Amino acid sequence: MNHILIIEDDTALSNGIVLALKDDNSSFVQAYNIAEAKEHIKRISFDLVILDINLPDGSGLDFLKQIRSTCAVPVIVLTANDLEIDIVTGFELGADDYITKPFSLMVLRARVGVQLRKGNRPQSSNTMQIDNFSFSFERMEFLKGGMSIELSKTEQKLLRLLIENRGNTVSRSYLVDRMWTDGAEYVDENALSVTIKRLRDKLEDVPSAPKYIKTVYGIGYTWAVK
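Residues numbered from 1 in each chain as written. Predicted model: local features only at pLDDT ≥ 70, side-chain atom pairs only at ≥ 80, totals over all residues. Heavy atoms only, no water.

1. What about the nonpolar core?
Argument step 1. Core analysis: the biggest nonpolar cluster contains 49 residues, and Ile7, Phe135, Leu159, Leu192, Leu203 and Trp223 have the highest contact counts within it.
Argument step 2. Membership of the second largest hydrophobic core comes to 14 residues, among which are Val18, Leu78, Phe103 and Val112. (Core = buried A, V, L, I, M, F, W, Y, C linked by side-chain atoms within 4.5 Å. Buried < 20%, exposed > 50% of the residue type's maximum accessible area, 1.4 Å probe, protein only.)

Structure (structure tokens):
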């Protein structure tokens, strides 16, 4: 059974989401503000959170940051804020998907399905050792020279895609599709450039002359194999 928390202050929209997603394998809890959502999260282990940004008692983005400090439950952000900076901020704070209003409930259903399938995949406990790096994506532990590195959810996704394809060039379009939208909706590729820069700043000794995360001009990026 998938337990889904919907945090949306528009009662009609919240009910519409429940109707669109309802099936025999899902249960729903509806919260209309952050305070209610916090109480539900204390009592229930959710498989997915659908989170509105503009809530009557605070910012959904601030609450997203709180969620990410304690767990890795998939979060789909719903918002009327469609500026590029808003979208990038949402992903950097740990959103798994970002849907702007108004939206199709059928599209929402498809993208909810993607997140639930990701959460149900069997996970490996292997730790990757590369030079002085140690990466454990399942435990979300990342070390450089034995020192811990804090990576956002988006940075973790990007790093994993590069590591899994190390030595090969990964196109910008492929990275954008895999990291954010699974091909469902266009996201400005500048969001990828921002994430690449932030990841280099955290991993590379000289970010302006990267040793590992290299740009293949006109195509994409590669994790270089030495």
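More follows now that the structure is in view.
2. Thoughts on the sheet that holds strand E2 (residues 26-31)
Argument step 1. A sheet is described by the order of its strands in space; here 5 strands give the open sequence E2-E1-E3-E6-E7, paired in parallel fashion. Each end of this open sheet is capped by a strand with a single partner; those strands are E2 and strand E7 (97-100). Adjacent strand axes in the sheet meet at a mean angle of 15 degrees, parallel and antiparallel pairs treated alike.
Argument step 2. Here strand E6 (residues 75-79) runs beside E7; their pairing, made up of 4 bridges, is parallel. Directly across from Thr79, in E7, lies its bridge partner Thr100.
Argument step 3. Where helix H1 (residues 11-21) meets the sheet, its contacts fall on strand E1 (2-7), E2, strand E3 (48-52) and E6, and the angle it forms with E2 comes to roughly 175 degrees.
Argument step 4. Sheet strands in contact with helix H2 (residues 34-43) are E1 and E2, and its direction is about 140 degrees off that of E2. (Pairing = 2+ DSSP bridges. Helix = DSSP H or I, 4+ residues; strand = E, 2+ residues; numbered from the N terminus. Axes fitted to C-alpha atoms, helices over the stretch in contact; angles between N-to-C directions. Contact = heavy atoms within 4.5 Å.)

3. Overview of the packing of H2 against helix H3 (residues 60-68)
Argument step 1. In the contact formed by H2 and H3, the axes pass within 11 Å of each other and the chain directions differ by 15 degrees. When the interaxial angle is binned, H2 and H3 end up roughly parallel. Considering only the axes of H2 and H3, their crossing is right-handed. On H3, the residues touching Ile34, Ala37, Lys38 and Ile41 of H2 are Phe63, Gln66 and Ile67.
Argument step 2. Across the contact of H2 with H3, the residue classes break down as 5 nonpolar, 1 polar and 1 charged. (Parallel < 35°, antiparallel > 145°, perpendicular 65-115°, else oblique. Left-handed = near helix turned anticlockwise from the far one by under 90°. Nonpolar A, V, L, I, M, F, W, Y, C, P; charged D, E, K, R; others polar.)

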